[in-house]
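Chain and residue survey
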Amino acid sequence: MSHALPPRPRASHNAGALSGSIRVPGDKSISHRAMMFGAMALGRTTVTGLLEGEDVLATGRAMQALGARVEKIGETWQIDGLGVGGFLAPQADLDFGNAGTGVRLTMGLVGAYPFVTRFVGDASLSARPMGRVLDPLRAIGVEVVEHHENRLPIALKGPTDPVPVHYRVPMASAQVKSCVLLAGLVIPGTTTVIEPIMTRDHTEKMLEGFGADIAIATDADGVRTITVAGLPDLRAQELIVPGDPSSAGFPLVAALIVPGSEVTIENVLMNPTRTGLIDTLIEMGGDITIENRRVSGGEDIADLRVKHSALKGVSVPASRAPSMIDEYPVLAVAASFAQGVTHMAGLEELRVKESDRLAAVARGLEANGVVCEEGTDFLTVTGKGAVPGGGTVATHLDHRIAMSFLVMGLAADKPVAVDDDRMIATSFPSFEADFTRLGAGFSKSEDAA
């Protein structure tokens, strides 16, 4: 998406109770991987429920540039893959826009190929650190032909004879883990990843589903050892993408904080590595009922029935951060409407998201009359049961900051404005339309001032 266009300010205001059902977009993490695994498998993979946000579509275009056929027929995406080791040298740069997951995983996907691949992105993505994935790729023998202090643009060239690695992930990052595992697919021998703290395991589940030779062992301390054998025959699959739990966080919190609300969120991914926000909101006193549990494509799915609740402050342990790292902005909004102090620890990863999310959240809270304390790796929010609102939030081109504070405005005393809402399309294109259907109120921010 071009950020040369002028910003589009937006505001939300309290328009009364929210009611009805909502189906959030397909899970972003699984959608990225569906594009990639379809491109690596032999045969035609079909995907329904794909998140058609700009980040995932950027990954799809990259897979096309590497030689796969990616096409939407009706409501289904069809991907004709090339087999492991079958990618072709791209004729142009791979432009990932704002897609951090897409670019980091694709670096693993093609890093070990013996041709040059150049990765570019928008201003936000180009400011994000890539050293965390470049380090293990260098260990494999990948040459980083071009980089700018480990930031985009980056060009990679694989070695003639790549070697499998035994890599211990130095931080809780599903992207780093996945980058190494995907690189290992085109390397003869066994690649091993040691994960001290478990993160989302969609890559492992999808590797298994597509037929890779993967093994996972967990020791008494919870340290996971993941091994994958190189050069497997991956088989095309029929995939149904469940609803993104990160996107579900917005209607979830909105229904909890807007008086009189009752909302059902359908088809939500309930993978245990992704349910930290739900666990936390229930601890805070949230009335959340998990209904219609089922399994699809190896992933747990359920519907969530949510009612307005009087929330209380809680302490959220650092150990929970990997299972809800993208949900802290909207949790901070929930904490603003709670009674008492909510302390969130282990948030250093928020500093390197689409923006410095920790700082962006703290400034947004302060702008709307919420008392908070921002530390290097923590955020403390003092809730008083109500939020004055009336402020304008700098989003820093971050979709989750924009959506979180638009949710705040639905229950605040005065409207809450964000300086730009265009980037919401990267993960939740129907956000405003879906919320309006539930009863939410939005306006141009100058109208709300």
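Criteria and cut-off values
- Residues numbered from 1 in each chain as written.
- Predicted model: local features only at pLDDT ≥ 70, side-chain atom pairs only at ≥ 80, totals over all residues.
- Heavy atoms only, no water.
- UniProt positions renumbered as here; feature names shortened; annotations may be inferred.
- Helix = DSSP H or I, 4+ residues; strand = E, 2+ residues; numbered from the N terminus.
- Rg over C-alpha atoms; globule rule 2.2 N^0.38 Å.
- Buried < 20%, exposed > 50% of the residue type's maximum accessible area, 1.4 Å probe, protein only.
- Contact = heavy atoms within 4.5 Å.
- Areas by Shrake-Rupley, 256 points an atom, 1.4 Å probe, with all protein chains shown as cover.
- Salt bridge = Lys/Arg side-chain N within 4 Å of Asp/Glu carboxyl O.
- Pairing = 2+ DSSP bridges.
- Phe/Tyr/Trp six-rings, centres within 6.5 Å; stacked < 30°, edge-to-face > 60°.
- 1 Å grid on protein atoms, 1.4 Å probe; cavity = no way out; pocket = protein on both sides within 12 Å on 5 of 7 lines; lining within 4 Å.

Per an unreviewed UniProt entry, the protein is named 3-phosphoshikimate 1-carboxyvinyltransferase, and its organism is Pelagibacterium flavum. The UniProt entry for the protein carries this comment under Catalytic activity (unreviewed entry): "3-phosphoshikimate + phosphoenolpyruvate = 5-O-(1-carboxyvinyl)-3-phosphoshikimate + phosphate".

A tally of helices and strands in the protein yields 14 helices and 24 strands. Its C-alpha atoms give the protein a radius of gyration of 21 Å, within 12% of the compact-globule value 22 Å for 449 residues. Along the first, second and third principal axes, the C-alpha set of the protein runs to 60 × 45 × 45 Å. The 449 residues of the protein split such that 59% are buried. Pairs at least 24 residues apart make up 76% of the contacts formed inside the protein by residues separated by at least 6 positions. When the accessible surface of the protein is split by element, carbon and sulfur atoms take 52% of a total near 15,900 Å².

Time to look at the pattern of salt bridges. Under the counting rule described, the total for this entry stands at 32 salt bridges. A salt bridge links Arg274 to Asp27, with the shortest nitrogen-to-oxygen separation between them at 3.0 Å. With Arg274 in the loop between strand S15 (262-269) and helix H9 (276-283) and Asp27 in the loop between strand S2 (19-23) and helix H1 (28-40), this pair connects stretches of sequence that are 247 residues apart. With respect to class, Arg274 is no different from Asp27; both count as buried. Counted as one network, the salt bridges with shared partners bring together Arg200, Asp326, Lys353, Arg357 and Asp398.

Quick look at the pairing of strand S12 (residues 214-218) now. Here S12 pairs with strand S13 (residues 224-229) via five bridges, running antiparallel. Within the sheet, the bridge partner assigned to Ile214 lies in S13 and is Val228. Following S12, the chain reverses through five residues before pairing antiparallel with S13; Gly222 in that reversal takes a positive phi of roughly 85°.

Let us look at the packing of aromatic side chains. Summed over all chains, the structure comprises eight aromatic pairs. Ring geometry for Phe87 and Tyr113: centres 5.6 Å apart, planes at 35°, overall tilted. With Phe87 in the loop between strand S5 (76-82) and strand S6 (94-95) and Tyr113 in the loop between helix H3 (100-111) and strand S7 (116-120), this pair connects stretches of sequence that are 26 residues apart. The burial state of Phe87 is the same as that of Tyr113; both residues are buried. On the numbers, 6.3 Å between centres and 90° between planes, the contact of Phe250 with Phe431 is edge-to-face. With Phe250 in helix H8 (residues 245-257) and Phe431 in helix H13 (residues 431-438), this residue pair connects regions lying 181 residues apart in the sequence. Looking at Phe250, the relative accessible area reads 1%, which means it is buried. Relative accessible area serves as the criterion here: at 2%, Phe431 is assigned to the buried category. Here the aromatic cluster, defined as three or more aromatic residues joined through ring pairs, consists of Phe250, Phe428, Phe431, Phe435 and Phe442.

Here Pro7 is to be found in the segment before strand S1 (10-13). Between the C-alpha atoms of Pro7 and Ser427, which are 420 residues apart in sequence, the distance is 18 Å.

The next point concerns the UniProt feature "binding site: phosphoenolpyruvate" (unreviewed entry) in the protein. The sites that UniProt annotates as "binding site: phosphoenolpyruvate" (unreviewed entry) are Lys28, Gly100, Arg128, Gln175, Arg357 and Arg400. Among the annotated residues just listed, those that line the largest pocket are Lys28, Gly100, Arg128, Gln175, Arg357 and Arg400. Locating Gly100 in the fold gives a position in helix H3. Among the residues examined, Gly100 registers a relative accessible area of 4% and is labelled buried. Gly100 has contacts with Leu125, Arg128 and Gln175, leaving out every residue within four places of it along the chain. Excluding residues within four positions of it along the chain, Arg357 makes contact with Asp326, Pro329, Leu350, Asp398, His399, Arg400 and Ile401.

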